[in-house]
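Coordinate analysis (summary)
Single-letter residue listing:
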Amino acid sequence: MPIATPLTELLGIKHPILLAPMDTIAGSRLTRAVSGAGGFGILGGGYGERARLEAETKELKGFAPFGIGFITWSLAKQPELLDIALDARPQAIMLSFGDPAPFAPRIKAGGARLICQVQSEDMAKQALDAGAQILVAQGTEAGGHGASRTTIDIVPAIVDLAAGRVPVVAAGGIADGRGLAAMMMLGASGVLIGTRFYASVEANGAEEAKQRIRAANGNDTVRGVVFDWSRNLFWPAPFTARSLVNDHIKRWTGREIELMQRASEVAVEYAAAKAAGNFEIAAVFAGEAVGLIHDIPSAAEIVERIAAEAEQLLEGRRNSAGGVLPSPLVGEGGAQRRMRGSIRGE
């Protein structure tokens, strides 16, 4: 039977599987495919390209359920983007990086739930104070931008901090049902997945980028600043970006000061390579879960596989425990008690 959690109840979805709002990769087609399979698709708002956002949200009007995700700093620079997003009537807006407080009232007034991605307890407290209704605890294994705490560390820490007030979603290094089941045993109500959906039929990424993800293993990714500085993007600490290793990374790792000094020159080279689809220079932002990815199926198949495998694992654990799932944490709190009840169908 489907896994019921506080997250599935809050969002009205069948499976506790969310699509990470990967900049241009998570377009309306992928968003619809994930939601159509029983998960929750989140359109990538990225750095705030207005024309793209208008076109993508037009494809989602009247469709449900779905969300739209933004890098919070992009909304600070272009507050009208939030109006465009809310006009599409999403069920949720996801904010990552930066203070969500200035945007929370507009999001809630627009009828959307507020999802906040966090990488530390302080960020989680800030999000809860702003009125976040779902927290995404992101570990360093994730592709794209993130910090340094591991998923297995940050998830239970945020679960404990939330103390059952809001569902906590795990992100970072998750690509199959084993990951979903493991995160639920840590107290999470679901998972947010990016890289596995990047390597899907409906993702907007180039076919070569998808094939590179399929062929890579966990040792083929690195977290750093090279690709940001090559695009004249300078993120504040502690955030860096995880990507597949390529010739450009090898060339500039250890020479970051020189890269900064030559940023304008390198940015021209990088933009030309990206336009040409040259992925020995252009980035493929992907997480350590690449080692678990061996094909490029439809998004619906990915959702179904992950859900079925997790259901089987959790059911097996429940049966072996005599019908009751023991708490995975010492000192069971309200979140864990609700988790056990939701898995048992109470």
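Fair warning: this is a prediction, and the values are worked out from it, not measured in the lab. (Residues numbered from 1 in each chain as written. Predicted model: local features only at pLDDT ≥ 70, side-chain atom pairs only at ≥ 80, totals over all residues. Heavy atoms only, no water.)

We now examine the pairing of strand β11 (residues 240-244). Burial within β11 is extensive, with five of its five residues counted as buried. As paired strands, strand β7 (residues 144-146) and β11 are joined by three bridges and run antiparallel to one another. The residue of β11 that forms the bridge with Gly144 is Arg242. As paired elements, strand β10 (residues 221-224) and β11 share four bridges and run antiparallel to each other. Note on β11: the bridge partner recorded for Arg223 is Arg242. (Buried < 20%, exposed > 50% of the residue type's maximum accessible area, 1.4 Å probe, protein only. Helix = DSSP H or I, 4+ residues; strand = E, 2+ residues; numbered from the N terminus. Pairing = 2+ DSSP bridges.)

Here we come to helix α2 (residues 28-36). Among the residues of α2, Ser28, Leu30, Thr31, Ala33, Val34 and Ser35 are the ones counted as buried. Of the residues flanking the end of α2, it is Gly38, one or two places downstream, whose phi is positive at about 105 degrees.

We now examine the sheet that holds β11. Across the sheet, three strands lie side by side as β7-β11-β10; this open sheet has antiparallel pairing. Strand pairing shows two members of the sheet lacking a second neighbour, β7 and β10, which therefore form its edges. Between one strand and the next, the sheet's axes are offset by a mean angle of 30 degrees, whatever the strand orientation. (Axes fitted to C-alpha atoms, helices over the stretch in contact; angles between N-to-C directions.)

As enumerated under the stated definition, the model contains 18 salt bridges in all. Two residues, Glu54 and Arg50, come together in a salt bridge whose shortest N-O distance is 3.1 Å. Of the two residues, Glu54 and Arg50 both sit in helix α3 (residues 50-60), four residues apart, roughly one turn of that helix. For Glu54, a relative accessible area of 36% gives the class partly exposed. Looking at Arg50, the relative accessible area reads 40%, which means it is partly exposed. Among the salt bridges present, the one from Arg178 reaches Asp176, with a minimum N-O distance of 2.7 Å. Salt bridges sharing partners connect three or more residues here, namely Arg196, Asp295, Glu301 and Arg305. (Salt bridge = Lys/Arg side-chain N within 4 Å of Asp/Glu carboxyl O.)

Before going further, it helps to spend a moment on unusual backbone geometry. The step from Ala64 to Pro65 runs through a cis peptide bond, and the omega angle for that step is -5 degrees. When you line up the elements, Pro65 lands in the loop between α3 and β3 (66-71). Note the cis peptide between Ala237 and Pro238, where omega equals 10 degrees. Structurally, the position occupied by Pro238 is in the loop between α12 (226-229) and β11.

Residue placement: Arg196 occurs in helix α10 (residues 195-198). From its side chain, Arg196 meets the backbone oxygen of Ala199 in a polar contact 2.9 Å long. Ignoring anything within four residues of it in the chain, the contact list for Arg196 reads Ala175, Ile293, Asp295, Ile296, Pro297, Ile302, Arg305 and Ile306. (Polar contact = N/O pair within 3.5 Å; in protein donor to acceptor, adjacent residues only side chain to side chain. Contact = heavy atoms within 4.5 Å.)

Turning our eyes to something else, we now look at the layout of surface pockets. Reported here for the largest pocket is a volume of approximately 950 Å³. For the largest pocket, the lining is made up of 46 residues, of which Met22, Asp23, Ile25, Gly144 and Phe285 are closest to its centre. Of the residues contributing to the lining of the largest pocket, the split by class is 23 nonpolar, 18 polar and five charged. When its volume is computed, the second largest pocket comes out at roughly 180 Å³. Lining the second largest pocket are Tyr47, Ile71, Trp73, Ser74, Lys77, Gln78, Leu233, Phe234, Trp235 and Pro236. Sort the elements by how many residues they give to the lining of the second largest pocket and helix α4 (residues 72-77) lands first, with three residues. Class assignment of the residues belonging to the lining of the second largest pocket gives a composition of seven nonpolar, two polar and one charged. (1 Å grid on protein atoms, 1.4 Å probe; cavity = no way out; pocket = protein on both sides within 12 Å on 5 of 7 lines; lining within 4 Å. Points joined across faces, edges and corners; volume = space filled by probe spheres on them. Nonpolar A, V, L, I, M, F, W, Y, C, P; charged D, E, K, R; others polar.)

Keep in mind these numbers describe shape, not what the thing actually does.
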